[in-house]
Each structure stands twice: as C-alpha cells, then as structure tokens.
Amino acid sequence: MQKLTILKEARGVMTRFEPLTEEFISAQSEDGLTYSELSAVLSSYGLDIRKVVHDPTRQIFNTYYADYDQGKYATIFLQRQYIHDTGQAELRALTKYGGICPELAAGEWKSFYLKCVPMAMLIYDFQRRYRDIPREQVFSIWHDIYKRIDYANDMWPPEVLKYVFQYAPPTPLPRPDADGRITIYRGMGTQSLPPERAISWSSHPGNALWFANRSGQGTRIAVAHVKSEQIIAYFPGYSMENEVVVLPGTISDYGYEDMIPAAKETVPQILAPTLAEFQYYGKQARLLGYQEEALFQVHGLKHILRVLLLSLIYIHNAGDPLSEADRQILIYFSLLHDIGRTTDDRDDRHGEQSVVLTSKKGIRLRGIRLSRKEYRIAELVITHHCHDDITGVAAIMSEPGLSRKEKERVIHLYYICKDMDGLDRVRFNGLDYRMLRTAYAKRLPLVAGCLLEEDILAALDMEIPES
C-alpha cells in the first residue's frame, strides 16, 4: 500500500488548499524548520509565505508556493536542509523574471501548464483560468493536463468539464455494434472512480486491462454500451490508448467482466495451494539456462516462472477434473515451452525448436513421470503453442497413434497451455482477454497483472508455513 500511496501523490493532485501554519510545519519538519524561518527565506526572494498552501491529507508533495495571479508555483519540502540548500534553486527561479510568469503573460498555455505548474496544482490552476484560454484551444489544453494526471481524485468540477467539452473538436468514433451502440471498456483499480463518474474509457479491452493492472491492484473491467452522442472525443490507436472521453454522469448501461480482483482478500487464497509446487519446479527452471529478462526483453526466466505459477493456479482452482498426467503435462509445458526461443520477435518455430533442444540436451524434470505417449502429447502442445489455434488443432487432429478421445484431451490441454502463456502478455500490454479459450483463464487477467508486481525470483526461496 505504501507504493500505491507514493504513486497516487506523485502522479495525482491535491484535494485541499489550506494556508500554511506553524503547527503543520512543526508536525512535518524533521530537522526543526520553523514558520518564521521559512517566511524569512521566502521574503529574501520577494515571496510571501501567505501564498503557500498545503494539503494535510497528503504525506508527500503536500506543500506549494502558489501565486495564482502571477502564475508562480514552486514545490516546498518542509525541511530546513532543503529550504537552505537544494530548494534555493526553485525559489530563485520564481524571481529571475520579476513579475508574471512569461508563458502565462504570452498566453503560451501548453508551455505554461507543462513547465510552470506542478502536477499537484494543475487542476487547481486550470479550473480558475479555463475561461481565459481561447475556445479553440481549451479542450486540447485540458486533455494535455488530463493525460498527465493519473489520480485526479475527483477534482474536476462538472461545470468546468461541461464548458470544456462543448468546445471539443469533431471526433471520429469507434466502430458501432450491430445495434448501433458502441462498446467501451474501463480498467479499474482500488483508487478508481465508479463508472458513472468516470471520464476516460477505451474502445479496446486490452488498453482497459493495462490501466487496471498498472498498480498491480486491478479490481474490475467495466463494460459499457453508449450512444455516439455520449462520446466527446476518441483517440484511436495503440499510442493514443484507444481512449474514449465521455461526460461523467452519462454512463448508466454498464456491467463488469467476470474476473478475480487482484485484492488481498482473493489472491493469497488462490496462491496458497500452489506455493510448494511452485518452489519445487521453479527451482528447476533456474537450472534450464533461461536468462533473467533485461531491459526491453520479455521472454526469460521470470516469464517462465509466471507461466508456471498461472498453470498451478489453474490446476488448483479451476475446478477442471484433470488427471495427474494432465497436471504434469501443464507443468512440463510451463518450464520448457520457450527453451528453444532465441528472439523476442514473433517466432513460429520456437515451439518445435524447444522440443528439439529438450531432446538434444536430454532434459528430464524431477517429479514429472509420464508415459511415452504422454511425453509425445506434451511435445505436441509445445510444438504448436506458437501457432494459431486452427493450425495447432489441425496438427493435433492429424497426429497418428491417438484416438479421437485422446486428441480431444490434447486439444483441451493445448488451450489451457496457450491461455496460461497468453495471460503473461499483460507484461507488455499485449493481452486481448476476449481471445482466451478457457472459462477460468478469462477470470485471471487481473491476477496475471498483479504477479508482475511480485518479486517472483525471491518467492522461490521464501519460507512456506507448514500446513
């Protein structure tokens, strides 16, 4: 929770703007800074301590010099060392041009909000100044500010949004459904506003899932069906996050995807029965030659361990009546499906290469006891996991030596393995959960997202309480 608090305050805005007091400084300062001392330092730069505001509900980034009329803002940390040392540069910057902030004086609105106003004060300033911005610019300026803030803390006044949105330029629209309405998605976390008060949605569920998983505490994916006139703006494409802007209060026809929330009440319960096996097989994964992922690499040891953990979650929680051999095939797949991969690019042959390399090295996993036919089934699944479903299923159905019932079993395992591998695509915003094949896998995208925040290597060596 501490990590989430820091993110919320660093990427969010203040909700209260109270005058600075001696009592607040005394409570915040750890090195004896006093009100009179801070006042003297500010006065030396021609600044008035009465223009300092603070938010007592925030732990950090809670105090700012805020001269709204002149457009002068500065972050203040209530520590003597900061005020007399590194903070001097920020205070000095406010006086170098004398009077009003040059960007504000020149009406350079984009630069003013980007360079001169701290993140925590953006809504504070904009909501007092928005009618001064030319109408043809006001929506663009608002949207630039909105995109920078991750936690607006419900601080956008309805009258401001109504004014700004009426000057939004004409917008393209997402493709409508058969009934003429448009389906939009919203990823939600523990700090998210409810759908009826939300501004930002997405036309693609993958983008919504990414937003839900950003903090590792995704709670829900909301799905709404709207009329075209409810959409204020649409920014299609991957880089623009397929964002759909709506006026809060206009969304009523919505529901939620059936997903397990990444919450402390749910995740530990589904992880607990997996941990002993995760450590047993995960420690073997360390010895298989997988490298830990470096920057911009997505296939490596951590990916293998997450697929293993997701497979064990499926085994212990899906309610799927798998045989012991089926379970071992899932584990075998998890550890060896990428051992022949040599690139992070698309590679339709790495499944086959993984089977060849496993055989060439004579790899055998402790705890895996399969018959010759069952090993062949595991190899079939690994070989075709990197192919599209049609190709993979056709190859399985044409495999000699298997009865139709056995082939149906292999296809079921094939779908599970592809889903567990696919769920870890959340790590690079590459999962369209609608394409998952098994019912339980469709419930796991938020859990898969929270696994990205775990130190999965350290989990291999943690002490597990005896049952």
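Before any of the text, the structure's been laid out above.
Residues numbered from 1 in each chain as written. Predicted model: local features only at pLDDT ≥ 70, side-chain atom pairs only at ≥ 80, totals over all residues. Heavy atoms only, no water.

A few words on the packing of helix H9 (residues 135-148) against helix H10 (residues 158-165). As a packed pair, H9 and H10 sit with axes 9 Å apart at the nearest point and diverge in direction by 125°. Classed by the angle they form, the pair H9 and H10 counts as oblique. Note on element contacts: H10 touches H9 through Leu-161, Tyr-163, Val-164 and Phe-165, opposite Arg-135, Val-138, Phe-139 and Trp-142. For the contact of H9 with H10, the class distribution of residues is seven nonpolar, no polar and one charged. (Axes fitted to C-alpha atoms, helices over the stretch in contact; angles between N-to-C directions. Helix = DSSP H or I, 4+ residues; strand = E, 2+ residues; numbered from the N terminus. Parallel < 35°, antiparallel > 145°, perpendicular 65-115°, else oblique. Contact = heavy atoms within 4.5 Å. Nonpolar A, V, L, I, M, F, W, Y, C, P; charged D, E, K, R; others polar.)

So, about the packing of helix H17 (residues 372-384) against helix H19 (residues 404-423). Orientation of H17 relative to H19, taken along the N-to-C sense of each, is 45°, at an axis distance of 10 Å. Compared by their axis directions, H17 and H19 come out oblique. Regarding H17 and H19, the two cross each other, and that crossing is right-handed. Taking contact as the criterion, the partners of Lys-373, Glu-374, Ile-377, Val-381 and His-384 in H17 are, on H19, Glu-406, Arg-409, Val-410, Leu-413, Tyr-414 and Cys-417. Grouping the amino acids of the contact of H17 with H19 by side-chain chemistry returns six nonpolar, one polar and four charged. (Left-handed = near helix turned anticlockwise from the far one by under 90°.)

Under the counting rule described, the total for this entry stands at 27 salt bridges. With a closest N to O distance of 3.2 Å, Arg-214 and Asp-150 form a salt bridge. Placement of the pair is Arg-214 in the loop between helix H11 (205-213) and strand S7 (218-226) and Asp-150 in the loop between H9 and H10, with a sequence separation of 64 residues. Given the relative accessible area of 32%, Arg-214 is considered partly exposed. Judged by its relative accessible area of 27%, Asp-150 falls in the partly exposed class. Here Asp-419 ties to Arg-437 by a salt bridge, and the two come within 2.7 Å at their closest N and O atoms. In this pair, Asp-419 sits in helix H19 while Arg-437 sits in the loop between H19 and helix H20 (445-451), placing the two residues 18 residues apart along the sequence. Judged by relative accessible area, Asp-419 falls into the buried class, the value being 0%. (Salt bridge = Lys/Arg side-chain N within 4 Å of Asp/Glu carboxyl O. Buried < 20%, exposed > 50% of the residue type's maximum accessible area, 1.4 Å probe, protein only.)

Spatial ordering of the open sheet is given by S1-S2-S3-S4, a layout of four strands whose pairing is antiparallel. Bordering the open sheet on either side are strand S1 (18-19) and strand S4 (72-75), each of which pairs with just one other strand. Both S1 and strand S2 (residues 52-54) contribute to a ladder of two bridges, which runs antiparallel. Within S2, the residue paired with Pro-19 across the bridge is Val-53. Strands in contact with helix H5 (residues 87-95) are strand S3 (63-67) and S4; relative to S4, the strand with the most contacts, it is inclined by about 175°. (Pairing = 2+ DSSP bridges.)

Before going further, it helps to examine empty space enclosed by the protein. Enumeration according to the criterion identifies three cavities of 30 Å³ or more in this entry. Approximately 40 Å³ is the volume attributed to the largest cavity. The wall of the largest cavity is formed by Ala-74, Thr-75, Ile-76, Tyr-82, Ile-83, Gly-87, Glu-90 and Leu-91. Listing elements by their share of the lining of the largest cavity, those giving two or more residues are S4, helix H4 (80-84) and H5. With three residues, H5 is the largest single contributor of residues to the lining of the largest cavity. Looking at the lining of the largest cavity, its residues break down into five nonpolar, two polar and one charged. (1 Å grid on protein atoms, 1.4 Å probe; cavity = no way out; pocket = protein on both sides within 12 Å on 5 of 7 lines; lining within 4 Å. Points joined across faces, edges and corners; volume = space filled by probe spheres on them.)

It is worth spelling out H10 at this point. Along H10, the residues classified as buried are Val-160, Leu-161, Tyr-163, Val-164 and Phe-165. Looking at the buried side of H10, the elements it contacts are helix H8 (122-129), H9, strand S8 (231-235) and strand S9 (243-246).

It is worth spelling out the nonpolar core at this point. Ranked by size, the top nonpolar core spans 76 residues in total, and within it Phe-278, Leu-335, Leu-336 and Leu-423 carry the most contacts. Take this core: its biggest share by element is 11 residues, from helix H14 (residues 301-317). Not counting chain neighbours up to four residues away, the residues in contact with Leu-335 comprise Tyr-281, Gln-284, Ala-285, Leu-288, Tyr-290, Ile-304, Leu-308 and Leu-365. (Core = buried A, V, L, I, M, F, W, Y, C linked by side-chain atoms within 4.5 Å.)

This part is about the side chain of His-54. Following the sequence through the fold, His-54 ends up in strand S2. For His-54, a relative accessible area of 3% puts it in the buried group. If we ignore the near neighbours within four places in the chain, the residues touching His-54 are Met-14, Arg-16, Phe-17, Glu-18, Pro-19, Leu-20, Phe-24, Asn-62 and Thr-63.

A few words now on the environment of Pro-248. Residue position: Pro-248 is located in the loop between S9 and strand S10 (254-256). Each C-alpha atom of the pair Pro-248 and Ser-359 lies 59 Å from the other, and the pair is 111 residues apart in sequence. When residues no more than four places from it in sequence are discounted, the contact partners of Pro-248 are Leu-161, Phe-165, Glu-196, Arg-197, Ala-198 and Ile-199.

Although it is not a glycine, Asp-154 sits at a positive phi angle of roughly 60°. Looking at the secondary structure, you find Asp-154 in the loop between H9 and H10. Residues other than glycine seldom take positive phi values, yet Asn-242 does so here, at roughly 50°. Looking at the element boundaries, Asn-242 is found in the loop between S8 and S9. Judged by relative accessible area, Asn-242 falls into the buried class, the value being 12%.

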